[in-house]
Structures are given as C-alpha cells and as structure tokens.
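# Secondary and tertiary structure notes
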Amino acid sequence: MASLGLDPSLPPVRRFGSAVPGQLGARRAALAVAEPAAPPPPPRSLRQSAHPLARRWDAWCCRVEQRWAGRTLAVDLRSAVGTRGWFGGLGRLIALAAPALLCWPTLGPFDGAPLPMAGDPASAEWRAQAIRPFSLGASSGRHFAAGDAVARVDSVPERATITLTATLGENDDVAHMLQRIGLADRDADAVKALTASLGTPLPGTRFDVTLGPRAVVGDPRPLAALAFRPKFDLDVTITRSGGGLVMARQPIPVDTTPLHLTGKVGDSLYRAVRAAGASPDTVQAYLQAVDQYLAFDAILPDDQFELVFAHKRALKAQAADGPWAAGEDGELLYAGIIRDGKPLVQAMRWGNDGNFFTPDALADAAGGGNGLLAAPVAGNITSWFGMRRHPILGYVRMHSGVDFAAPYGSPIYAVTDGVVEYAGWHGGHGNYVRVAHGGGIDSGYGHMSRIIVGPGNRVARGQVIGYVGSTGLSTGPHLHYELFRNGQPVDPLSIRLVPHHTEVRPEEVAAFRARMRALLALPANGQQLAQR
Ligand SMILES: [Zn+2]
C-alpha cells in the first residue's frame, strides 16, 4: 500500500486551498488505493507529468496549499470585529473592491446637433416657409413693405356680433367660463343667477353664445343670446330683451321606446353585446340575468344573444350635444340566448324586486314553487363564490361555493326537495353530501361533522341532513355550500334570488308571456330609429 502511495507516476489531483496539513498523506494514500495498481495511466497534464519543471511546480503548489490551508480569505466581517484576522479581511475587501470601483464607467449626456441661432439666414428662411397659426401671431411668410395703395386707418371696423361655442370643463363654473370667453362680469353673473334653478350643468355641456356690438371701444361685448341643454329633455335659451336678460325653457320630446339588440355571440359575449351598442352597465345586467339560467360555458360562438332594455333618446335635430349625445340606457328588460333559431334562455324582468324569470320559472313560482332555502344553515357568509386565496393551500384558486360560519354541531338543511346522490368522505370537502334536485340542479354540503342521510334517501326542503363541522381542508367549523347546474358549479346566491321570495299570482303568467311577446316584437338593432 505504502509503496503504491509513493509511486511518483501517480500524484494525486489537488485543488488549491482544499488540502489540510497533516491529512495530506492520508488523502494521498486513500486516493492511491482507489487507483488501479497497474498499468500506470499516461501523463495527462503538466502537474501529472514526470518532467523536472512539472515536479517543481507540483512542489511549489503543495507549499502554497499548506501555507494557506488554515486561513480564510473571505472573512465574515460581522464576527470577531477588531482582531487581526478581521482587519486582514477588511484589507482584502478594500483591495478587491477599489479596482472594481475605479473601473466604474462614467456616463454623460450625448451631444445633439446645435440649434440654429435666431439671426441665422437659414433659420430665417425656414421661418418664412413655415405655417404658423394665427393664434401665435402668424409671423411666418415673407414680408413686403406697404405700397402706395395701402392707406392707414385710425380704427378697425368690428363685426356686429360674434358667435362662440364654449364647453363647460370638469370643476368649472358657468360664470367663470363665460368671463373667459369675453363676457362682462355683470352679464356672466346674471346668467349664473338666472340658471341657478336648473342646477349645475354637467361637465361637457355646450353653450352657444352670441355676443352683441360694443357700446364703447375697449368695453367687453354685451351678451346677445345664449343657448344650452342643462337636462336630457330640456333646452334653455337666454336672450336680451329690453334692458335685461330673459330665460326661456323648451322641453325636448323624448322617445322612450326600449332598444332591442340581437347579434352573434362570437368569441366573447361581453364584447359582442357591447359592440351592438349596449352600455357597460346594461351588458353587466344582461350577463347576470343569463347566468341565472345558463352556465356561460354552455353558450356557443354560433349562438345569438338577444336583449331589450329601456332607452331614452331625445328627438332633436343635432345629435352630438354634450353629455346627452348618446341618449340614456335604462334598466334591462329582457335577456335571451337563441340557438339555431330557437330560444335557449328567455329571461324577463318581472315584479317589483327586479328579478328575472323565465316563463317556466314564473309558472313554477306561481304554482307554489320549489324555491331554494335562503341558507342551508343559520350563519353568516364568510366567503363568497369566486376566485380567492385558499386559507390552507395559500394560493389563489376558484372557490366554487359559499362558506357559512356556524357553531360546531349546527343543523344543516336540504335547500329543497331531492334525492341524496352522495354521502361520505370526499377529499378536501371532508364529510360531504350531494343532493340532486331534478332539472339539472344539485346542491353540495361540505366539512360536516356528522351525516345523517345516506345515498338514495329522499329529502324534503328544510330537512336536516347533517351537522356543521370542520372535516377535510377546513380552518374551523363552517359549512361549504355548493350549487351545480348541469354539473357546473354556479354561484348559489344568484340562484337563490330567482324564483322565491316573490309572490306570483297564477294569472300573472299569461300577462308575463304577453309582455315578453310585445318586447320581442320590437324591431331589432335600431331599425325603429331608421323608420322614423
Ligand atoms: Zn368553502
């Protein structure tokens, strides 16, 4: 073994700084044992060759390694402050950092092309050929001296009247705005006092102002007439009569025919309805109404959307008129989806609660109803349906139900009649019950402490099916309540609001159908506007 370790043809491979004095021989021996005894491998590098220079280099390396083995080049400057080693480390840090800092590049601004001087002939030529607005003095163009035909006049004749348009800005004041366009303070204050009863006009309101001739040169012009539209259905004019200003109101006739829009769903239902001309609020209401009866996933790009909403439109010649230009959208009246020419969903606003019903849902409500219970447990909602950060898993994911906080052991009720589909342990849901209610509606109840129904059991609306607990992925006693439509989780609160809590008389169903027929008979997509 020892003779193998001393074999000069097998020097061990060493790394700078890794050797430890005293252990060198042992490491050498261990490495040598690992090497095959014979034949010796051919020299691979300078340090492994038998050349005298290589041997000297190897010996020098060994000395350096032994000398530096016990030292640390990179000292932790937080510990042993003030010792010799600490100052050594600080010195090395400065010695290494200073050259790096000395090499820091200097960045300065780049030089641009020099600007031409004011008197430069080239810039004078530029200026002559440029077009300058009148408002800036229009000093461009070539100048010529006045000839014999030019006579000097003492005063410039003025226009008798000037017609201006001014638009009220954000945080602006009517009197200030009128003063800015040249009215005398007296007239501006008089207009403000006259129109005070109409309330503050909206920003963007346009004022058509006519200024009369001046009495004395240099005085501000007096107000001759002023017209603006302070309300959706009102025009106001102010004219000078006798010595003072008089205000007159003209009501604007308004068309309140609801707008009926239809079109292809395409890639995005939201964008399609917006593009058809509905306001963002109307689209929002439409999507909510549709969502109560149909999962968005079930809507196909080739389907048609259909909606009817209240709309006010002023019958006035000039359409582009400040804030009232586009008319006003009122509440959504009807929301539908059509597939292959047949209605898939037809939901219409009915009753004073603003709820949307399909003909079937209304008939169901009128017939006594099987509406869902408001809550399957007596407790407050602590987490709603939608994306949220999971309290245990820590990342954002879909919360496909609603959480009710309730004391441990509180009874959980079936929200409506149905058949128990599943009862038992269900992964993160813990003890879980799922009830099928028919019509594609299922409800699910999670984290129960105890289940008292079994699969196949028939349950009635309000029947106790189990008790609140904290089983599965849960931080404390609560009920995780889910609702499914055709297997898709839906927001339980949106469904709950539909058929119940609303008293519906059986004879209303016929009136509902008649109203829906009337709404859908409206010409679609603005054709009624074109007919006028
Ligand atoms: Zn939950």
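Residues numbered from 1 in each chain as written. Predicted model: local features only at pLDDT ≥ 70, side-chain atom pairs only at ≥ 80, totals over all residues.

## Regarding the overall build of the protein chain
- Across its full length, the protein chain carries 13 helices and 23 strands.
- The proportion of buried residues among the 532 residues of the protein chain is 23%.
- Counting only contacts in the protein chain whose residues sit at least 6 apart along the sequence, the fraction spanning at least 24 positions is 60%. (Helix = DSSP H or I, 4+ residues; strand = E, 2+ residues; numbered from the N terminus. Buried ≥ 20, exposed ≤ 12 C-beta atoms within 10 Å, placed from the backbone. Contact = placed C-beta atoms within 7 Å.)

## Brief notes about the sheet that holds strand S3 (residues 223-231)
- Taken in spatial order, the 5 strands of this open sheet run S1-S2-S3-S4-S5, and their pairing is antiparallel. Each edge of the open sheet is held by one strand with a lone partner, namely strand S1 (162-167) and strand S5 (244-251). The sheet shows a mean angle of 20° between the axes of neighbouring strands, taken without regard to direction.
- As defined by bridge partners, S3 adjoins strand S4 (residues 234-241) across 5 bridges and the pair is classed as antiparallel. Looking at the pairing, Leu-226 lines up with Ile-238 of S4.
- Helix H7 (residues 185-194) contacts S3, S4 and S5 of the sheet and is inclined by roughly 40° relative to S5. (Pairing = 2+ DSSP bridges. Axes fitted to C-alpha atoms, helices over the stretch in contact; angles between N-to-C directions.)

## Focus: unusual backbone geometry
- Notably, Asp-340 is not glycine yet its phi reads approximately 50°, a positive angle.
- Checked against the element boundaries, Asp-340 lands in the loop between strand S9 (328-339) and strand S10 (342-350).

## Details of the pairing of strand S2 (residues 206-211)
- Both S1 and S2 contribute to a ladder of 6 bridges, which runs antiparallel. Counterpart to Thr-167 in the pairing with S2 is Arg-206.
- Of the strand pairs in this sheet, S2 and S3 are connected by 5 bridges, and their pairing is antiparallel. Bridge pairing in S3 places Val-209 opposite Leu-226.

## Digging into the pairing of S4
- Between S3 and S4, which pair antiparallel and follow one another directly, the connecting turn spans 2 residues.
- As paired elements, S4 and S5 share 8 bridges and run antiparallel to each other. Considered in S5, the bridge of Val-236 is made with Arg-249.
- Two successive antiparallel strands, S4 and S5, enclose a turn made up of 2 residues, where Gly-242 displays a positive phi of approximately 65°.

## Some remarks on the nonpolar core
- By size, the foremost hydrophobic cluster in this structure holds 33 residues, and its most contacted members are Tyr-286, Val-290, Leu-307, Ala-335, Ala-347 and Met-348.
- Apart from the residues lying within four places of it in its own chain, the contact partners of Val-290 are Ala-335, Ile-337, Val-345 and Ala-347.
- Judged by nonpolar contacts, the second largest core, of 22 residues, contains Phe-404, Val-415, Ile-465 and Leu-479. (Core = buried A, V, L, I, M, F, W, Y, C linked by C-beta atoms within 7 Å.)

## Observations concerning H7
- Among all positions in H7, only Asp-187, Ala-188 and Val-191 are buried. Viewed end-on, H7 has its buried residues packed into an arc of 100°, placing them on one side of the element. Along H7, exposed side chains directed more than 90 degrees from the buried face belong to Asp-185, Arg-186 and Ala-193. (Arc of directions from axis to C-beta.)

## What about the environment of Pro-253?
- Position of Pro-253 among the secondary structure elements: in the loop between S5 and strand S6 (254-255).
- A sequence separation of 20 residues divides Pro-253 from Asp-233, and the C-alpha atoms of the two residues are 6.7 Å apart.

## Let's talk about the confidence of the model for the protein chain
- Summarising the model, the protein chain shows a mean pLDDT of 80, and 82% of its residues fall at 70 or more.
- The weakest mean pLDDT in the protein chain belongs to helix H1 (residues 2-5) at 39; the strongest belongs to strand S18 (residues 431-436) at 93.
- The low-confidence segment residues 496-501 (pLDDT under 50) makes 15 contacts with residues lying over four places distant or belonging to another chain. (pLDDT = per-residue confidence, 0-100.)

## Considering the packing of helix H8 (residues 269-276) against helix H9 (residues 280-291)
- At a minimum axis separation of 10 Å, H8 and H9 run at an interaxial angle of 135°. With respect to each other, H8 and H9 are oriented oblique. Taken as a pair, H8 and H9 cross one another with a handedness that is right-handed. Seen from H8, the contacting residues are Leu-269, Tyr-270, Val-273 and Arg-274; seen from H9, they are Val-283, Tyr-286 and Leu-287.
- Class assignment of the residues belonging to the contact of H8 with H9 gives a composition of 6 nonpolar, no polar and 1 charged. (Parallel < 35°, antiparallel > 145°, perpendicular 65-115°, else oblique. Left-handed = near helix turned anticlockwise from the far one by under 90°. Nonpolar A, V, L, I, M, F, W, Y, C, P; charged D, E, K, R; others polar.)

## Topic: the environment of Asp-219
- Along the chain, Asp-219 falls in the loop between S2 and S3.
- What makes Asp-219 exposed here is the crowd of 9 C-beta atoms within 10 Å.
- Remark: the alpha-carbon pair of Asp-219 and Ala-184, spanning 35 residues in sequence, is separated by 8.3 Å.

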